[in-house]
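Residue-level listing of the chains:
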Amino acid sequence: MTATSTAATALLGVYARVGPLFTAGEGAELIAEDGTRYLDFVAGIGVNALGYNHPVIRGAIERALATGLIHVSNLYRTEPERLAEELVNRGFADQVFFCNSGAEANEAAFKFARKWAGKPGIVAFSGGFHGRLFASLAATDRPEYRQPFEPLVPEIAIVPLGDRAATERAITGATAAVIIEPVQGEGGVHPVDSTWLAWLRELCDARRAALIFDEVQCGLGRTGTFFAYEQAGVVPDMLTIAKPLAGGLPMGAVLLKEAIGAALAPGDHATTFGGGPLVASVALEVVRALAAPELLASVRRNGEWLGARLAALPSRRVRSVRGRGLMWGIELTEPAAPFVGLARERGLLVATAGPRVLRLIPPLVVTREELERGVAILEEVLA
Ligand SMILES: *Cc1c(COP(=O)(O)O)cnc(C)c1O
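Quick caveat, the model's predicted, so the values are computed rather than measured.

Trainee: Hey, could you run me through the site of the ligand in this one?
Mentor: Inspection of the region around the ligand gives Ser101, Gly102, Ala103, Asn106, Phe129, His130, Gly131, Glu181, Asp214, Val216, Gln217 and Lys243 as its neighbouring residues. At 2.8 Å, a backbone N or O of Ala103 approaches an oxygen atom of the ligand. Phe129 places a polar main-chain atom, nitrogen or oxygen, 3.3 Å from a nitrogen atom of the ligand. Burial of the ligand by the protein amounts to 81% of the accessible area it has alone, namely 380 Å².

Structure below.
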């Protein structure tokens, strides 16, 4: 430590943090040190699906603390058994592996696919984002994130999304897994066509490759169904989740079919913290809250309303509006970043998704009145 280091410079400069110092939150609002309230349509990058200070999360953390168990290790039986059962009961999967982030979930899914398939190839798509670790980064279509760290994991290809000929060439007899986000998030909020997903499903079956849906951002209620794939009617072999899973505590998971799980034996993969009792018991209550039919119905209703309002934005700067549920992207005809700053000055937090897209991923508990306030600020800012 040098004499000149301060609290701000002691943090590694990999994040460009901006704005006020936030010290509290309530519902869909973040509250700054000076008391100013901000409508938060970023929600911790899709993590805070239940908003801030939600009684379900507070109660779950308090009950978990009362047991005295924060961590026990995966050497012994604890809480994640109930969470795994809950997730299995809600979808296609037979088994679950718990880890600590979205990237970790995708890395695990790649390992599981390679072990099951006995071959190395992994195919991903343009516009996709799967994380910042070596294999998940290799599957992520952001050259500027990748290049400084090459060589990444070999045998991972990125194919133009929607290009059937290129996809047929890339998915070969040596392909273990194909990974895709049913609604791409970081790449600009692109809902992927259901017929494309169905076609991929057939191609994966024909080549004996595992189809992985990365629902780290679009899953767990965000698009108006518990899993995004339900709307496409196409079922994966593995599915990864993370962001909102444990209400802001770090947790990721891989959901998988038994056929793949059967290829994995003790020692094949592990993580010290994965599925600890505190995080898993909080996630159990978060998952139940996010799967509640009334919540999902309100996400669909509010999402339709929001989509219609955004499509009608009276601005020449808007090129197109895309989304599903409470996950929307506004593609502009110019760089999006300046508008993030202008919205923040007026009390609305929004994110970008790529250079020209403004992304709205509010808490799923956001009210219609709050959405109206947010849209009014966007109208002003984009005018
Ligand atoms: C955020 C994200 C990840 C990476 O999750 P981390 O928890 O940041 O590692 C992976 N896939 C998608 C679709 C994401 O949005």
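That shown, we press on.
Trainee: I'm lost on the pattern of salt bridges in this one. Help?
Mentor: According to the stated counting rule, one finds 18 salt bridges in the structure shown. Across the pair Arg77 and Glu81 runs a salt bridge, and its minimum N-O distance is 2.7 Å. For Asp205, the salt bridge is made with Arg201, and the minimal N-O distance between the two is 2.8 Å. Of the two residues, Asp205 and Arg201 are both situated in helix α8 (residues 194–207); the distance of four residues between them amounts to about one turn of the helix.

Trainee: Would you mind going over the environment of Pro314 with me for this structure?
Mentor: Note on placement: Pro314 falls in the loop between α12 (293–311) and β13 (318–324). Sequence separation of Pro314 and Glu379 is 65 residues, and the distance between their C-alpha atoms is 7.2 Å.

So, how was this worked out
- Residues numbered from 1 in each chain as written.
- Predicted model: local features only at pLDDT ≥ 70, side-chain atom pairs only at ≥ 80, totals over all residues.
- Heavy atoms only, no water.
- Near = heavy atom within 4 Å.
- Polar contact = N/O pair within 3.5 Å; in protein donor to acceptor, adjacent residues only side chain to side chain.
- Areas by Shrake-Rupley, 256 points an atom, 1.4 Å probe, with all protein chains shown as cover.
- Salt bridge = Lys/Arg side-chain N within 4 Å of Asp/Glu carboxyl O.
- Helix = DSSP H or I, 4+ residues; strand = E, 2+ residues; numbered from the N terminus.

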